[in-house]
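Topology and contacts: notes
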Amino acid sequence: MTENAWTRWPSKEALGRERRSGHRRLLAVVVRVLGIGALLWGAVAGGEDGWGAVGATALVLLSVMVVWALFRTTFAHRLRPSLGLAAALLGLAGTAQAAGFEVPAAVLWCGCAVVALERLPFTAALPVALAAFTAYAAVSDNAWPSSAALAAGLALGGYVLRLDAEARGHAQRLLVQERAARAAEAESAALAERARIAREIHDVLAHSLSAQMVHLEAARLLIERGADRDRILERVVAARGMARDGLAETRQALSALRGELTPLEDFLEQLVGMADGAHTKVTITGERRPLPAETSQTVRRVAQEAMTNVRKHAPGARVRMVLDYGTREVTLDVRDSGGGSGELADAGGGYGLLGMRERAELLGGSLRAGPGEEGFVVTLKVPV
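Residues numbered from 1 in each chain as written. Predicted model: local features only at pLDDT ≥ 70, side-chain atom pairs only at ≥ 80, totals over all residues. Heavy atoms only, no water.

1. Quick notes on helix 5 (residues 102-119)
Operational definition: Here a helix means four or more residues in a row that DSSP labels H or I, a strand means two or more in a row labelled E, and each is numbered from the N terminus. Each residue after the first adds 1.5 Å to the expected span of a helix. Throughout, exposure labels follow a simple rule: accessible area from a 1.4 Å probe, protein chains only, divided by the maximum for the residue type, with under 20% read as buried, over 50% as exposed, and the rest as partly exposed.
The end-to-end C-alpha distance of helix 5, which contains 18 residues, comes to 26 Å, matching closely the 26 Å that a straight helix rising 1.5 Å per residue would cover. The buried count for helix 5 comes to 14 of 18 residues, which makes it a mostly enclosed element.

2. Regarding the nonpolar core
Heads up, the condition is: What is meant by a nonpolar core is a set of buried Ala, Val, Leu, Ile, Met, Phe, Trp, Tyr and Cys residues, joined one to another through side-chain atoms within 4.5 Å. Note on contacts: a residue pair qualifies if any of its non-hydrogen atoms lie within 4.5 Å across the two residues.
The biggest cluster of nonpolar side chains holds 30 residues, and the ones touching the most others in it are Trp 109 and Cys 112. Residue assignment for this core shows that the elements contributing at least two residues are helix 3 (50-75), helix 4 (79-98), helix 5 and helix 6 (122-139). In this view, Trp 109 contacts Leu 90, Ala 93, Gly 94, Gln 97, Ala 132, Ala 135, Tyr 136 and Val 139; residues no more than four positions away in its chain are not counted. Phe 267, Val 334, Leu 353 and Leu 367 belong to the second largest nonpolar core, which has 27 residues in total.

3. A look at the pattern of salt bridges
The test is simple: The term salt bridge refers to a pairing of a side-chain nitrogen on Lys or Arg with a carboxyl oxygen on Asp or Glu at a separation within 4 Å.
For the structure shown, the criterion picks out 4 salt bridges. Two residues, Glu 217 and Arg 220, come together in a salt bridge whose shortest N-O distance is 2.4 Å. You can see Glu 217 and its partner Arg 220 sitting in helix 7 (residues 144-224), 3 residues apart, about one turn around the helix. Across the pair Arg 220 and Glu 224 runs a salt bridge whose closest N-O atoms are separated by 2.3 Å. Of this pair, Arg 220 and Glu 224 both sit in helix 7, 4 residues apart, roughly one helical turn. You can call Arg 220 partly exposed: its relative accessible area is 35%.

4. A word on the packing of aromatic side chains
For the record, the criterion: To pair, rings of Phe, Tyr and Trp, with the six-membered ring standing in for Trp, must have centres within 6.5 Å; the planes then decide the type, stacked if under 30 degrees apart, edge-to-face if over 60, and tilted in the middle. Charge over a ring is defined by NZ of Lys or CZ of Arg lying within 6 Å of the ring centre and within 35 degrees of the ring normal.
Under the definition given, this model contains 2 aromatic pairs. Here Trp 6 and Phe 122 contribute two aromatic rings whose centre-to-centre distance is 5.8 Å and whose plane-to-plane angle is 65°, an arrangement assigned as edge-to-face. Highlighted residues: Trp 6 in the segment before helix 1 (12-15) and Phe 122 in helix 6, separated in sequence by 116 residues. Residue classification places Phe 122 among the buried positions, given a relative accessible area of 18%. What links up through ring pairs into an aromatic cluster is the set Trp 6, Phe 122 and Tyr 159. In this arrangement the basic side chain of Arg 162 is found over the ring face of Phe 122, its NZ or CZ atom lying 4.0 Å from the centre.

5. Remarks on helix 4
Operational definition: When we speak of the arc, we mean the arc of directions from the helix axis to the C-beta atoms.
Here helix 4 contains 20 residues, and its C-alpha end-to-end distance of 29 Å stays within 8% of the 28 Å for a straight helix at 1.5 Å per residue. What helix 4 keeps buried is the set Ser 82, Leu 85, Ala 86, Leu 89, Leu 90, Leu 92, Ala 93, Ala 96 and Gln 97. One side of helix 4 carries all its buried residues, which in axial view fall inside an arc of 155°. Residues of helix 4 that are exposed and angled more than 90 degrees away from the buried face: Arg 80 and Ala 98. Phi for Gly 100, located one or two positions after helix 4, is positive at around 90°.

6. Quick word on the packing of helix 5 against helix 6
Applied cut-off: Fitted lines through C-alpha atoms give the axes, limited to the stretch in contact for helices. The angle between two N-to-C directions lies from 0 to 180 degrees. In this scheme, roughly parallel covers angles under 35 degrees and roughly antiparallel covers those over 145, while 65 to 115 is roughly perpendicular and the rest are oblique. We call a crossing left-handed when the near helix sits turned anticlockwise from the far one by less than a right angle, and right-handed when that turn is clockwise. Gly is placed with the polar residues, together with every amino acid not listed as nonpolar (Ala, Val, Leu, Ile, Met, Phe, Trp, Tyr, Cys and Pro) or charged (Asp, Glu, Lys and Arg).
As a packed pair, helix 5 and helix 6 sit with axes 8 Å apart at the nearest point and diverge in direction by 160°. As the angle between them shows, helix 5 and helix 6 are arranged roughly antiparallel. Here helix 5 runs over helix 6; the crossing is left-handed. Residues Ala 106, Trp 109, Cys 112, Ala 113, Ala 116 and Leu 117 of helix 5 touch helix 6, and the partners they reach there are Ala 125, Leu 126, Val 128, Ala 129, Ala 132, Phe 133, Ala 135, Tyr 136 and Val 139. Within the contact of helix 5 with helix 6, the residues separate by chemical class into 15 nonpolar, no polar and no charged.

7. Some remarks on the side chain of Thr 74
Note that Thr 74 resides in helix 3. Taking the relative accessible area as the measure of exposure, Thr 74 reaches 1% and is therefore buried. Beyond its immediate stretch of four places on either side in the chain, Thr 74 contacts Trp 9, Leu 15, Ser 82, Arg 119 and Leu 120.

8. Details of the sheet that holds strand 4 (residues 366-371)
Threshold: Between any two strands, at least two bridges found by DSSP are needed for them to pair.
The sheet built from 5 strands is open, its strands ordered 1-2-3-5-4 with mixed pairing. Strands at the two margins of the open sheet, each flanked by one partner only, are strand 1 (279-286) and strand 4. For this sheet, the mean angle separating the axes of adjacent strands, direction not counted, is 10°. Looking at chain direction, strand 2 (residues 318-325) and strand 3 (residues 329-336) are connected through 7 bridges and run antiparallel. Bridge pairing links Arg 320 to Arg 335 in strand 3.

9. Considerations on the environment of Gln 212
With respect to the helices and strands, Gln 212 occurs in helix 7. On a C-alpha basis, the gap between Gln 212 and Met 242 in space is 5.5 Å, while along the polypeptide they are 30 residues apart. Residues contacting Gln 212, with those up to four places away along its chain left out, are Ala 239, Met 242 and Ala 243.

10. Quick look at the confidence of the model for the chain
Test applied: Note: pLDDT gives the predictor's confidence per residue, expressed from 0 to 100.
Here the chain shows a mean pLDDT of 77. Residues at 70 or above account for 78%. Strand 5 (residues 376-383) holds the highest mean pLDDT among the elements of the chain, 91, whereas helix 2 (residues 22-46) holds the lowest, 57. Here residues 342-351 is modelled with pLDDT under 50, and outside its nearest four sequence neighbours on either side it reaches 14 contacts, counting other chains as well.

Here you go:
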């Protein structure tokens, strides 16, 4: 619900002194010095003797303290204390007028009206300003048109000061909001980058360690079955090769994080070249073009996971890998011919494809994995 403009306080940003420019602060100091100087001059000039001047000076100092308190209460948006202080200021002006100090009284009445219009809600400011201007006009020697013109000019000045302060406060709030939005955006970007790095590290480690575990598990099974040394050594050497490949993939992931990716087609050819015992064929269709880094990494990771699954579940199977550059999406299709002993089907945690599916969905794509006509099929589609 929109707050009523008549009962709304000026914002604290508008009433405060924070973020004011240097010339605004200088102007405020000059106005206050001139106002206090006018009060003191009127008090000294109007005093008939030394004691009268001392009393008038004390009255001026008391008025300055009341004005300072009024600034504090209006900044805190405390209506009743503010109205009480405004009434006290009007009373001091009346006391000064009664004591014969006309200049200080006029300054206090006019200043009270301007401050009220600048710092109080309109429902409270208008009665205070009206009372101040009426009291001034009642004791002034000027003609009523002149007094009315002066009152209108001062009222307009107080309103302009209010509008200027509100504009400054609004600009300050917008600046704070903009800085907060930039900070939130930077934090969000940092979190997104951390998540991307975490996914890269996880995918590399999961793929590399899973492949090593496949061969080490095979070596364990061979040892339990009493297989000959050469077969066991073959698996251990294969695990060593997987560790070496994992280090290479880690370096490649770090290069990807730095934006130094090798062409996707070359990566797939290298991946097929490292396949152990799998007759793999890679086909590239569509118009080749550079892909976004995150999309390219997703395709690479899915291809690695699919090849790891082939080694685990269908060793020696034929694999057909197709990378299609479509108009609006890129598709990776990996199919194996099935078969194999499947003795390592239970190795690993089974979360590889789930992680790849989540990664594809983050990019607005999809990943399907399941039995095909012969073996297992993994199909990734990512928009580009």
